[in-house]
Amino acid sequence: MLKITSGFILGLIFGLTLETTNEVFAPLGVIFMNLLKMIVIPLIFLSLIVAVNHSNPADLGRIGVKVFPIYVITTAISVAIGLIIATLLQPGKGVTFSNDITLTIPERQGFLDTIINMVPTNIFKAFADGHILSVVFMAIITGLAILYMTHSTDNKQQKMGNTLMTFVEAANEATLKILNGILEYAPIGIFGITAATIGAQGIDTVIALGKFIVTSYLGVILLLVVFYPLILKLWGGKVIQFYKDIKESMLTAFVTCSSLGTLPITLKAAKTAGIDDRIAKLTLPIGATVNMNGTALRLGIAVIFASEIIGVSLSPVDLVSIVVIGTLAAVGTAGVPGAGLIAMAAVFTQAGLPIEIVALTAGINILVDMIFTLGNVTGDLVAAKMVDLSERRYLAKQKQ
Ligand code: ASP
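Just so it is clear, the structure is predicted and the values come from calculations on it, not from any experiment.

Assigned secondary structure in the protein consists of 17 helices and zero strands. For 400 residues, the compact-globule estimate of 2.2 N^0.38 gives 21 Å, and the protein sits close to it at 22 Å. Considered along the principal axes of its C-alpha atoms, the protein spans approximately 75 × 50 × 45 Å. Put simply, 84% of the contacts in the protein that link residues at least 6 apart link residues at least 24 apart. In the protein, which carries 25 positive and 23 negative side-chain charges, the distance between the mean positions of the two groups comes to 12 Å.

Take a look at the structure:
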């Protein structure tokens, strides 16, 4: 952690003091992102098959049933927190925008599409495109198939199942070794990303949208110091220890702006935080794709921001519908850099707010994306910890 923090601080110093940080240091960061993206698919696929084989189907079902309501409820509350904090701090007051900004809205998936597309038509394409939910789906069914084979009464089936499992476990071990190597490089990668991003920010836009940036940071701080501790405490968790255990993944999320990219490190953090391996492997890859508390918070803030700029006030009914639309949009957002802008465009379209305001914030997006991604990844780990605490209670009761 010390090395990673040093990388971050050195990156900040270089980014703020040198002129040419972007060209010089960006490649160091790009290599780090590439390494993380390279390892994330095999890591999820193999470790999830192992996780499925080390649990029984009833456990899997129970974990799933527990985690989804946590995702949806925390996301909806995050939109509401965004609405409240922006109403109080008024980030859009005094901001003007010219009508000539244009924005092309990238295509985004709806909530239902996200679910449907989980089932791939071509498994190789799903792997090649890095479609995490499809990979999770394939890993679960492959894991189940092997599980049935290893428990078969037919000797031949059982033998083949065991061979396959030995192979998967061996490949999983090798992947973890590679991941350890990547983590050795992490401080340099984080230095590169920080130096390049900080160096690339135009100070003028930062000042103009200062209140939006400050509101975003305060919103996530509210999640971190009030909302997450509250629910962790309610579930019987130890808050400070939990944050100590997961700080590396929080910092990595902050600099990479990608929940998916951070996933290998999030999985490691879950282990340090004492989250049961099966729960972590099952929930975190899904959480990195569908559980977006930071993004949800952004949507709440952005709606108030935009309505202040154009001078309309929102009725209580509008606000409730924004919580619903925002939750669905956050679920449909991919855990990659910049995805929150797409979600913003989607919510603005539904809420009848000008899309141009999305473009207005695009210039400083990276600065807010950093903190929102940190909120997203922390939320994934909080949800995993809650399921873990609840499972421990359940299993202790079963034993009595
Ligand atoms: N960058 C965020 C993430 O990866 C998604 C977003 O842009 O809101 O979690």
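Let us keep going from here.
Turning our attention to the packing of aromatic side chains. Following the criterion strictly, the structure yields 10 aromatic pairs and no others. Relative to Phe-191, the ring of Phe-14 has its centre 5.2 Å away and its plane inclined at 85°; by these criteria the two rings are edge-to-face. Placement of the pair is Phe-14 in helix H1 (residues 2–17) and Phe-191 in helix H7 (residues 155–200), with a sequence separation of 177 residues. The exposure class assigned to Phe-191 is buried, which follows from its relative accessible area of 12%.

What follows covers the packing of helix H11 (residues 259–272) against helix H17 (residues 365–399). Running from N to C, H11 and H17 cross one another at 40°; their axes reach a closest spacing of 11 Å. Here H11 is positioned oblique relative to H17, judged by the angle of their axes. Crossing of H11 against H17: the hand is right-handed. Where H11 approaches H17, its residues Ser-259, Thr-262, Thr-266, Ala-269 and Ala-270 are matched on the opposing element by Thr-373, Asn-376, Val-377 and Leu-381.

What follows concerns helix H6 (residues 132–150). Taking 1.5 Å of rise per residue, the 19 residues of H6 would be expected to cover 27 Å, and the 26 Å separating its terminal C-alpha atoms lies within 8% of that figure. Regarding H6, the residues found buried are Ile-132, Leu-133, Ser-134, Val-135, Val-136, Met-138, Ala-139, Gly-143, Ile-146, Leu-147, Met-149 and Thr-150.

Within the structure shown, the criterion is met by eight salt bridges. The closest approach of N and O atoms between Lys-281 and Asp-277, which form a salt bridge, is 2.9 Å. A residue pair is termed a helical-turn pair when its members lie 3 or 4 positions apart in one helix, as Lys-281 and Asp-277 do in helix H12 (residues 277–290) at four residues. Taking relative accessible area as the criterion, Lys-281 reaches 15% and is therefore assigned buried. Connected through shared salt-bridge partners, Arg-62, Lys-66 and Glu-391 make up one network.

The next thing to look at is the site of the ligand. Close to the ligand lie 15 residues; Ser-259, Thr-295, Gly-340, Asp-369 and Asn-376 are nearest. A distance of 2.9 Å separates a nitrogen atom of the ligand from a polar backbone atom of Cys-257. Between a nitrogen atom of the ligand and a side-chain N or O atom of Thr-373, the distance comes to 3.1 Å. In isolation the ligand exposes 270 Å². Once the protein is present, 100% of that is buried. Of all the elements in the fold, those that place two or more residues in the shell around the ligand are helix H15 (339–351) and H17. In terms of residues, the shell around the ligand owes the most to one element, H17, which gives three residues. Here the shell around the ligand is built from residues that sort into six nonpolar, eight polar and one charged.

What counts, and where the lines are drawn
Residues numbered from 1 in each chain as written. Predicted model: local features only at pLDDT ≥ 70, side-chain atom pairs only at ≥ 80, totals over all residues. Heavy atoms only, no water. Helix = DSSP H or I, 4+ residues; strand = E, 2+ residues; numbered from the N terminus. Rg over C-alpha atoms; globule rule 2.2 N^0.38 Å. Contact = heavy atoms within 4.5 Å. Lys, Arg positive; Asp, Glu negative; His and termini not counted. Charge placed at Lys NZ, Arg CZ, Asp CG, Glu CD. Phe/Tyr/Trp six-rings, centres within 6.5 Å; stacked < 30°, edge-to-face > 60°. Buried < 20%, exposed > 50% of the residue type's maximum accessible area, 1.4 Å probe, protein only. Axes fitted to C-alpha atoms, helices over the stretch in contact; angles between N-to-C directions. Parallel < 35°, antiparallel > 145°, perpendicular 65-115°, else oblique. Left-handed = near helix turned anticlockwise from the far one by under 90°. Expected span 1.5 Å × (residues − 1). Salt bridge = Lys/Arg side-chain N within 4 Å of Asp/Glu carboxyl O. Near = heavy atom within 4 Å. Polar contact = N/O pair within 3.5 Å; in protein donor to acceptor, adjacent residues only side chain to side chain. Areas by Shrake-Rupley, 256 points an atom, 1.4 Å probe, with all protein chains shown as cover. Nonpolar A, V, L, I, M, F, W, Y, C, P; charged D, E, K, R; others polar.

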